Amino acid sequence: MTDAPRVELTPAAADLVRRLREAHGPLMFHQSGGCCDGSAPMCYPEGEFRTGDSDVCLASLTVDGVAEPVAFWMSKSQYDVWSHTRLVVDVVPGRGSGFSLEAPEGVRFLIRSRLVGT
């Protein structure tokens, strides 16, 4: 039996990642834990958002149709709060107010969570 992934994408989110990859090249996610849209996962061109000692790489997501893994980063302070959960990246209608690549598409990424082991 294998462990469930800490981060996964819904089919709708994977489809959007494929479209964004085609338009922008290799991608990455970062979730900071700020208020409002700051607590949503933000998608950037790989390396455009600077990560460091205050961040944790939770996963390298494999997405069918995307040549390279997509790193999912989270601030350590946010990880301390969410460490007991499995994060499911979904996409919903509505424009977020951040700099995430999907904003012009009229949709935004959203985290749904489950307790680890469920």
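What you are looking at is a predicted structure, and each value in this text was computed from that prediction instead of being measured.

### Things to note about the sheet that holds strand S7 (residues 107-115)
- Strand order in this open sheet of three strands is S1-S6-S7, and the pairing throughout is mixed. Every interior strand has two partners, whereas the edge strands, strand S1 (7-9) and S7, have only one. For this sheet, the mean angle separating the axes of adjacent strands, direction not counted, is 30°.
- In this fold helix H1 (residues 11-24) packs onto S1, strand S6 (85-93) and S7, with an angle of close to 70° to the strand it touches most, S6.

### Comments concerning the sheet that holds strand S2 (residues 27-31)
- Strand order across the open sheet formed by four strands is S3-S2-S5-S4, with mixed pairing between neighbours. Each edge of the sheet is formed by a strand with only one pairing partner; in this case those strands are strand S3 (42-45) and strand S4 (55-61). Averaged over all adjacent pairs, the angle separating strand axes in this sheet is 25°, with direction ignored.
- In this sheet, strand S5 (residues 70-75) lies alongside S2 in parallel orientation, the contact comprising four bridges. Bridging across to S5, Gln31 finds its partner in Met74.
- Contacting S2, S3 and S5, H1 runs over the sheet at an angle of about 120° to S2.

Conventions we followed
- Sequence order as written defines the numbering, with residues in each chain counted from 1.
- Local features in this predicted model are restricted to residues of pLDDT 70 or higher, and side-chain atom pairs are both shown and tallied only at a pLDDT of 80 or more, whereas totals for entire chains, interfaces and linings draw on every residue.
- Just so you know, side-chain values use all the structure's heavy atoms and leave hydrogens and water out.
- Between any two strands, at least two bridges found by DSSP are needed for them to pair.
- Strands are runs of DSSP state E lasting at least 2 residues, helices are runs of H or I lasting at least 4, and numbering of each runs from the N terminus.
- In this description, a line fitted to the C-alpha atoms serves as the axis of each element, helices being fitted only across the stretch in contact, and the angle between N-to-C directions of two axes falls anywhere from 0 to 180 degrees.
- A contact between two residues is defined here by any heavy atoms of the two lying within 4.5 Å.

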